[in-house]
Amino acid sequence: LVSRVRGERYEVLVIHAPDDFPVAGGAVFALDETHCRNTLETDRPIAIGRAADAQWGDPPARAAFPFEAYLAAPIHVGEEPFGTLVFASRDPRRERFTATHKDLIVLMAQWIGSELQREDLLRGRKQETSPAGPSSPAPRPGPGDVARAARAPLGMGRDQPHRLVAPVESGA
């Protein structure tokens, strides 16, 4: 899942989940209804194998996502917070998340942020060189930009969205 956060507004931009999962891309929630509020507050990766073991205690009573296992990192575009990259499950994780898991999700979030920043720069250059000249600021990245950015580090094209998120095998 890739989210975008603006103030207290949490938007799901890209999600790969089972068909029966109650949340889809484009869904909007109050930030306080998500586990990501903690990821953004600490500005570091968070790995929880079982929600009941989380330092912040039980999730909010009206939690938007019924996650038991949660691995997330903040995404920044330049120096600005953008949202979060999340891998999660409704089932608790049998093994503890390792430092390698945290390092990997941080690298992925950094790469997505870098790709979004690159898209911003390219969009800005196109506006500057258009015949009409710079008329308005470049729009912030949207879901299509995020999906491209998420696939970029994996060397994937638009025709391979099913590989955006792959299950992590235990013992790996």
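Residues numbered from 1 in each chain as written. Predicted model: local features only at pLDDT ≥ 70, side-chain atom pairs only at ≥ 80, totals over all residues. Heavy atoms only, no water.

A.B. asks: Give a detailed account of the nonpolar core, specifying residues and quantitative values.
C.D. replies: Core analysis: the biggest nonpolar cluster contains 19 residues, and Tyr10, Val12, Val23, Phe29, Phe65, Tyr70 and Val86 have the highest contact counts within it. Those elements that place two or more of their residues in this core are strand E2 (9–14), strand E4 (46–48) and strand E5 (69–77). Once residues lying within four places of it in the same chain are set aside, the contact partners of Phe29 are Glu8, Arg9, Tyr10, Val12, Val23, Thr34, Ala64 and Phe65. (Core = buried A, V, L, I, M, F, W, Y, C linked by side-chain atoms within 4.5 Å. Buried < 20%, exposed > 50% of the residue type's maximum accessible area, 1.4 Å probe, protein only. Helix = DSSP H or I, 4+ residues; strand = E, 2+ residues; numbered from the N terminus. Contact = heavy atoms within 4.5 Å.)

A.B. asks: Give a description of unusual backbone geometry that names residues and reports values.
C.D. replies: Of note in this structure, Asp43 is not a glycine but carries a positive phi near 55°. For Asp43, the position within the fold is in the loop between helix H1 (36–42) and E4.

A.B. asks: I'd like a description of the packing of aromatic side chains, backed by residues and values.
C.D. replies: Scanning all chains against the criterion turns up 2 aromatic pairs. Ring centres of Phe21 and Phe67 lie 6.0 Å apart, and the angle between their planes is 10°; this geometry places the pair in the stacked category. With Phe21 in the loop between E2 and strand E3 (28–30) and Phe67 in the loop between E4 and E5, the pair connects residues that are 46 residues apart, well separated along the chain. As far as burial versus exposure is concerned, Phe21 and Phe67 are alike and both buried. Joined through ring pairs, the aromatic side chains of Phe21, Phe67 and Tyr70 make up one cluster. The ring of Phe97 carries Arg93 above its face, with NZ or CZ at 4.5 Å from the centroid. (Phe/Tyr/Trp six-rings, centres within 6.5 Å; stacked < 30°, edge-to-face > 60°. Lys NZ or Arg CZ within 6 Å of the ring centre and 35° of its normal.)

A.B. asks: Before we move on, could you go through the side chain of Thr84 and cite the residues and values that matter?
C.D. replies: Counting through the fold element by element, Thr84 comes out in strand E6 (residues 80–89). The buried category is assigned to Thr84, whose relative accessible area is 0%. A polar atom in the side chain of Thr84 sits 2.6 Å from the side chain of Ser3. (Polar contact = N/O pair within 3.5 Å; in protein donor to acceptor, adjacent residues only side chain to side chain.)

A.B. asks: A description of the pairing of strand E1 (residues 2–6) should follow, citing residues and the corresponding values.
C.D. replies: Note on strand geometry: in a regular strand, side chains alternate between the two faces of the sheet. The buried fraction of E1 is high, at 4 of 5 residues. One ladder, built from 5 bridges, connects E1 with E2; its direction is antiparallel. Across the sheet, Val5 pairs through a bridge with Tyr10, a residue of E2. Linking two consecutive strands that pair antiparallel, namely E1 and E2, is a turn of 2 residues; a positive phi of about 65° is found at Gly7 within it. (Pairing = 2+ DSSP bridges.)

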